[in-house]
Amino acid sequence: MRNAFADEITALAQADPRVVLLSGDIGNRMFDRFKAHAPARFINAGVAEANMIGVAAGLAMAGLRPVAYTIAPFITARCLEQIRIDLCYHRLPVVIVGVGAGLCYAELGATHQAMEDIAQMRTLPDMTVLCPGDAHEVRGGMRAALAHDGPVYLRLGKKGEPLVHARMPAFEIGRPITVRPGSDAAVLATGNMLPVAVQAADLLADRGIELEVVSFHTVKPLNESVLANVFRRFSFVATLEEHSCLGGLGGAVAEWLCDQSSSDSHGRLLRIGAEDRFVCEAGDQEHYRALFGLTPRAIADRIGGFLESCAPQGAGRLAQGAPT
């Protein structure tokens, strides 16, 4: 994802002289092409993330389109006040890019793990939160973010994420992408869990369960019409994210669901994410995903087990309104 971002921001800067890239002392070699093309529009802000947000705000007020980039917890939790007041209060068009979100830097411990960033960002007024699911969505998301008239948080993985799309899809803020149609249940996946959702759907297909996979790349604003359609069509809907179960996509969908009329027909919601705790042991991203049940097999077993227990005569019955 980060390489796709570096390529895309370079191309966008070549097309738009207003684009300025600020880096929190990270990715310097990765941005060599950007610096070669526009050295005056690359600013290494150092390990001073709060100041970097303030500089980005000033650049935006001067008519430029700044993009601030560093490791996800350092560009969200560390400078939340500056994002809230300098950017959101003034509705400034600054793109905040958090790389290595979720558990990408798991082996470096809790300081480098971003498991609360979606919750922090989506509670800020006028903030848009984008979590692309693969490198192609990163490119589309970056274009959409720069065109947006307001602050955007673009949440990225790190490297090596599998491609889900064959090419860059039509990416529009607030419009989820159905990656795989299904008839028995739906999973709304966000960020780098999208490839995992597709792998889980493959495993469920071997059990005769057709899982619909939707890339919910925009956590804020939520597309309420898409949610209403999904919950009308399916009696079981899961959200999937490499983020705490509190406050992320699952929390946002649960809030929306709670506000709906009780007379409407709604499916049951299952939020799949990380537990609300620090893990005080060493391990990489795959190790932590296994601990939190975020592997394709664990997700398939959890969804399949529920469907099979509720619909012993065939999981497809749930798609037609079987009781939950």
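Keep in mind that what you see is a predicted model, and the values were worked out from it rather than measured. (Residues numbered from 1 in each chain as written. Predicted model: local features only at pLDDT ≥ 70, side-chain atom pairs only at ≥ 80, totals over all residues. Heavy atoms only, no water.)

(A) Structural detail: the overall build of the chain. Assigned secondary structure in the chain consists of 12 helices and 12 strands. Over its C-alpha atoms the chain spans a radius of gyration of 20 Å, differing by no more than 12% from the 20 Å that the globule rule assigns to 324 residues. With the C-alpha coordinates of the chain rotated into their principal frame, the extents come out at 65 × 40 × 35 Å. Counting over 324 residues, the chain shows a buried share of 56%. Considering only contacts in the chain between residues 6 or more positions apart, those separated by 24 or more positions represent 76%. Total accessible area on the chain is roughly 13,200 Å²; 50% of this is exposed by carbon and sulfur atoms. Looking at charge distribution, the chain has the averaged site of its 30 positive side-chain charges lying 3 Å from that of its 35 negative ones. (Helix = DSSP H or I, 4+ residues; strand = E, 2+ residues; numbered from the N terminus. Rg over C-alpha atoms; globule rule 2.2 N^0.38 Å. Buried < 20%, exposed > 50% of the residue type's maximum accessible area, 1.4 Å probe, protein only. Contact = heavy atoms within 4.5 Å. Areas by Shrake-Rupley, 256 points an atom, 1.4 Å probe, with all protein chains shown as cover. Lys, Arg positive; Asp, Glu negative; His and termini not counted. Charge placed at Lys NZ, Arg CZ, Asp CG, Glu CD.)

(B) The arrangement of the sheet that holds strand E10 (residues 218-220) in detail. Taken in spatial order, the seven strands of this open sheet run E2-E1-E3-E4-E6-E5-E10, and their pairing is mixed. A strand with exactly one partner marks an edge of an open sheet, and here the two such strands are strand E2 (42-44) and E10. On average, each strand axis in the sheet is tilted by 20° relative to the strand beside it, whichever way the strands run. Pairing of strand E1 (residues 19-23) with E2 involves three bridges; the strand directions are parallel. If you follow Leu21 over to E2, its bridge partner there is Phe42. (Pairing = 2+ DSSP bridges. Axes fitted to C-alpha atoms, helices over the stretch in contact; angles between N-to-C directions.)

(C) A look at the nonpolar core. Membership of the largest hydrophobic core comes to 43 residues, with the highest contact counts inside it found for Ile83, Ile96 and Met127. For this core, the elements supplying multiple residues, two or more each, are E1, helix H3 (49-61), helix H4 (72-75), helix H5 (80-88), helix H6 (117-122), strand E8 (185-189), helix H9 (224-233) and helix H10 (249-258). When residues of this core are assigned to their parent elements, the largest contribution, six residues, is made by H3. Residues in contact with Met127, not counting those within four places in the same chain, are Ile83, Cys88, Ile96, Met121, Pro151, Val152, Tyr153 and Lys220. (Core = buried A, V, L, I, M, F, W, Y, C linked by side-chain atoms within 4.5 Å.)

(D) Layout of the sheet that holds strand E7 (residues 177-180). Spatially, E7-E9-E8-E11-E12 is the arrangement adopted by the five strands of the open sheet, whose pairing is mixed. Of all the strands in the sheet, the pair left with one neighbour each is E7 and strand E12 (268-274). Recorded for the sheet is a direction-independent mean angle of 25° between the axes of neighbouring strands. Relative to strand E9 (residues 211-215), E8 runs parallel, the two being bridged by five bridges.

(E) Spatial organisation of the environment of Arg277. Tracing the sequence through the fold places Arg277 in the loop between E12 and helix H11 (285-291). A C-alpha to C-alpha distance of 9.9 Å links Arg277 and Met115, two positions 162 residues apart in sequence. Of note is the side chain of Arg277, whose polar atom sits 2.5 Å from the side chain of Glu275. (Polar contact = N/O pair within 3.5 Å; in protein donor to acceptor, adjacent residues only side chain to side chain.)

(F) Quick look at the pairing of E8. Judged by how many residues are buried, E8 sits mostly within the fold: five of five residues are covered. Here E8 shows two buried faces, one formed by Ala185, Val187 and Ala189 and the other by Ala186 and Leu188. Crossover handedness for the path E8 to helix H8 (residues 194-205) to E9: right-handed. Sheet topology places E8 next to strand E11 (residues 236-244); four bridges connect them, and they run parallel. Across the sheet, Val187 pairs through a bridge with Ala238, a residue of E11. (Right-handed = clockwise from strand over helix to strand, strands pointing away.)

(G) View of the side chain of Thr218. Among the secondary structure elements, Thr218 is positioned in strand E10. Judged by relative accessible area, which is 4%, Thr218 ranks as buried. For Thr218, the side chain forms a polar contact with the side chain of His217, separated by 2.9 Å. With residues up to four places along the chain from it excluded, the contact list for Thr218 reads Val129, Leu130, Glu172, Ile173, Gly174 and Arg175.

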